Amino acid sequence: MSLLTIRDLRVTYGTGTAAVRGVDLTVAAGRKLGVAGESGCGKSTLALALLRLLPPTARLTGEILLDGEDVLTMKWGRLRAVRWAGASIVFQGAMHSLNAVHRIGDQIAEPLLVHRRATPNAARERVGTLLEQVGLPAARASAYPHELSGGQRQRVMIAMALACEPRLIVADEPTTALDVMIQAQVLRLLERLVTEQDISLVMISHDLAVLADTCDRLAVMYAGRVVEEGPARDVYDAARHPYGRALSAAFPRIGDPASRLAPRGLPGDPPDPAALPPGCTFHPRCPVALPTCASQDPPLAPAAPGHRAACVLTTGSPA
Ligand code: ADP
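These remarks concern the structure in this document.

Calculation rules
- Residues numbered from 1 in each chain as written.
- Predicted model: local features only at pLDDT ≥ 70, side-chain atom pairs only at ≥ 80, totals over all residues.
- Heavy atoms only, no water.
- Helix = DSSP H or I, 4+ residues; strand = E, 2+ residues; numbered from the N terminus.
- Rg over C-alpha atoms; globule rule 2.2 N^0.38 Å.
- Buried < 20%, exposed > 50% of the residue type's maximum accessible area, 1.4 Å probe, protein only.
- Contact = heavy atoms within 4.5 Å.
- Areas by Shrake-Rupley, 256 points an atom, 1.4 Å probe, with all protein chains shown as cover.
- Lys, Arg positive; Asp, Glu negative; His and termini not counted.
- Charge placed at Lys NZ, Arg CZ, Asp CG, Glu CD.
- Near = heavy atom within 4 Å.
- Polar contact = N/O pair within 3.5 Å; in protein donor to acceptor, adjacent residues only side chain to side chain.
- Nonpolar A, V, L, I, M, F, W, Y, C, P; charged D, E, K, R; others polar.
- Pairing = 2+ DSSP bridges.
- Axes fitted to C-alpha atoms, helices over the stretch in contact; angles between N-to-C directions.
- Phe/Tyr/Trp six-rings, centres within 6.5 Å; stacked < 30°, edge-to-face > 60°.
- Lys NZ or Arg CZ within 6 Å of the ring centre and 35° of its normal.
- Parallel < 35°, antiparallel > 145°, perpendicular 65-115°, else oblique.
- Left-handed = near helix turned anticlockwise from the far one by under 90°.
- Patch = residues over 30% accessible without salt bridge, like charges linked within 9 Å, V, L, I, M, F, W, Y side chains within 5 Å.
- Salt bridge = Lys/Arg side-chain N within 4 Å of Asp/Glu carboxyl O.

Points about the overall build of the protein
- Helix and strand counts for the protein stand at eleven helices and twelve strands.
- In terms of overall size, the protein behaves like a compact globule, its C-alpha atoms giving a radius of gyration of 20 Å where 319 residues would be expected to give roughly 20 Å.
- For the C-alpha atoms alone, the extent of the protein along its principal axes is close to 65 × 40 × 35 Å.
- By residue count, 53% of the 319 residues in the protein fall in the buried class.
- Sequence separation of at least 24 residues holds for 64% of the intrachain contacts in the protein that already meet a minimum separation of 6.
- For the protein, the exposed surface amounts to about 13,800 Å²; the carbon and sulfur share of it is 54%.
- Both charge centroids of the protein, one from 33 positive and one from 30 negative side chains, sit 3 Å from each other.

Quick notes on the site of the ligand
- Around the ligand sit 14 residues, and of these Gly40, Gly42, Lys43, Ser44 and Thr45 come closest.
- In the environment of the ligand, an oxygen atom lies 2.6 Å from a nitrogen or oxygen atom belonging to the backbone of glycine 40.
- In this structure, lysine 43 approaches the ligand through a side-chain N or O atom, which is 2.8 Å from an oxygen atom.
- Contact with the protein chains covers 66% of the free accessible surface of the ligand, which is 560 Å².
- In terms of residue count, the dominant contributor to the shell around the ligand is helix α1 (residues 43-50) (three residues).
- In terms of residue class, the shell around the ligand is built from five nonpolar, seven polar and two charged.

So, the sheet that holds strand β6 (residues 87-90)
- The eight strands are arranged β6-β7-β8-β3-β9-β10-β12-β11 in an open sheet whose pairing can be described as mixed. On the outer flanks of this sheet lie β6 and β11 (301-304), each paired with one strand and no other. For this sheet, the mean inter-axis angle between neighbouring strands, taken without regard to orientation, is 25 degrees.
- Sheet analysis places β11 next to strand β12 (residues 307-309), joined by three bridges and oriented antiparallel. Within the sheet, the bridge partner assigned to alanine 304 lies in β12 and is histidine 307.
- This element, helix α6 (residues 150-162), spans β6 and β7 (168-172) of the sheet and lies at about 175 degrees to β6.

As for the packing of aromatic side chains
- Summed over the entire model, instances satisfying the criterion amount to three aromatic pairs.
- Aromatic side chains tyrosine 222 and phenylalanine 282 sit 5.1 Å apart centroid to centroid with 85 degrees between the ring planes, which places their arrangement in the edge-to-face category. One end of the pair, tyrosine 222, is in strand β9 (residues 217-222); the other, phenylalanine 282, is in the loop between α10 (242-250) and β11, and 60 residues separate them in sequence. For the pair formed by tyrosine 222 and phenylalanine 282, the shared burial category is buried.
- An aromatic cluster is built from Tyr222, Tyr243 and Phe282, whose rings are joined through pairwise contacts.
- Seen from the ring of tryptophan 76, arginine 52 lies directly overhead, with NZ or CZ sitting 5.1 Å from the centre.

Examining the pairing of strand β4 (residues 59-66)
- Across seven bridges, the pairing between strand β1 (residues 2-12) and β4 is antiparallel. Bridging from a neighbouring strand, arginine 10 pairs with threonine 61 of β4.
- Bridge count between β4 and strand β5 (residues 69-70): two bridges; the pairing is antiparallel. Considered in β5, the bridge of leucine 66 is made with glutamate 69.
- What sits between the antiparallel neighbours β4 and β5 is a turn of two residues, in which aspartate 67 has the positive phi angle 55 degrees.

Focus on the side chain of serine 88
- Mapped onto the secondary structure, serine 88 falls in strand β6.
- Ignoring sequence-local partners within four residues, the contact set of serine 88 consists of Leu51, Ala161, Pro166, Leu168, Ile169 and Val170.

Some thoughts on the packing of helix α4 (residues 104-114) against helix α5 (residues 120-133)
- In the contact formed by α4 and α5, the axes pass within 9 Å of each other and the chain directions differ by 120 degrees. Here α5 runs oblique to α4, going by the angle between their axes. In this structure, the crossing between α4 and α5 has a hand that is right-handed. On the side of α4, the interface is formed by Ile104, Gly105, Ile108, Ala109, Leu112 and Leu113, while α5 contributes Pro120, Ala123, Arg126, Val127, Leu130 and Leu131.
- Across the contact of α4 with α5, the residue classes break down as ten nonpolar, one polar and one charged.

Describing the environment of cysteine 286
- In this fold, cysteine 286 is placed in the loop between α10 and β11.
- Given a relative accessible area of 17%, cysteine 286 falls into the buried group.
- Taking the C-alpha atoms as reference, cysteine 286 lies 8.4 Å from leucine 266; in sequence the two are 20 residues apart.

A word on a nonpolar patch on the surface
- Judged by side-chain polarity, Val288, Leu290 and Leu313 come together as a nonpolar surface patch covering roughly 210 Å² of accessible area.
- Mapped onto the secondary structure, leucine 290 falls in the loop between α10 and β11.

Encoded structure:
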């Protein structure tokens, strides 16, 4: 059975922005799903929705089944129990997520104590073990966030995410703020730890090369929808959607910062969610668009074994 099943998830912010428009995805226990796409395509909204961390004015519909239980209809008490212990999240900017005036050891211990996973003494010991697991000396527990480098702070975030032994970790651009060498080290660490501990991973990144290197499967989002999904190497090496192809061409190597906002070979920007073009939302930027693409919005459909794409060119003849 899948650990995570997302069915027809739709998220509309209080401003009326439809940021996620009908996403269906599954993640099997112990597997890693990468979610790629340019800025503004709805990746972070999807990540935050998984733990219901969106602002209260956001409207969510559909289903997010975590081990068969719908996160969207959970009572608050149950949701609090599931956060950290069932699923935890690693954000991009550790400096914003860590509390500047508390020692990092106390911050890692907090979920353990809140979830009554450990007595204060046992929690101190577990903090030391967790720090060592993420490659930091146990004695760093007494440090404050500003005494650590960016890479070390991100390791602390990973230790916090692992603390309560969750079944799922959601990592939203976990290394983007770091330099390329450190990015690779932190990604390797995260990948190794989730593999060793049989934790499922949903990893969000704009960088398809990073995801192809880390994940089993890849989903490519565009304008709030998944337009392609399949085995990671297959999506990276042989994308079936023109947007997937453009992204993999834009990220020939891991962490290329120049590609961040303007992927090479792909002019223009993703559409404003308030003014989506008719038909396939990618057609105005698509190098191979047909006239029919301006009026037809194809659903995700099989494009190769275990690989789906939403494009008339790969999944069926245009009407
Ligand atoms: P990504 O992670 O792919 O960059 P986001 O999920 O951050 O995409 O954003 C998707 C869309 O939702 C964007 O148009 C963005 O402006 C909008 N959005 C994100 N957060 C909010 C918010 N709190 N209120 C209103 N709109 C938002």
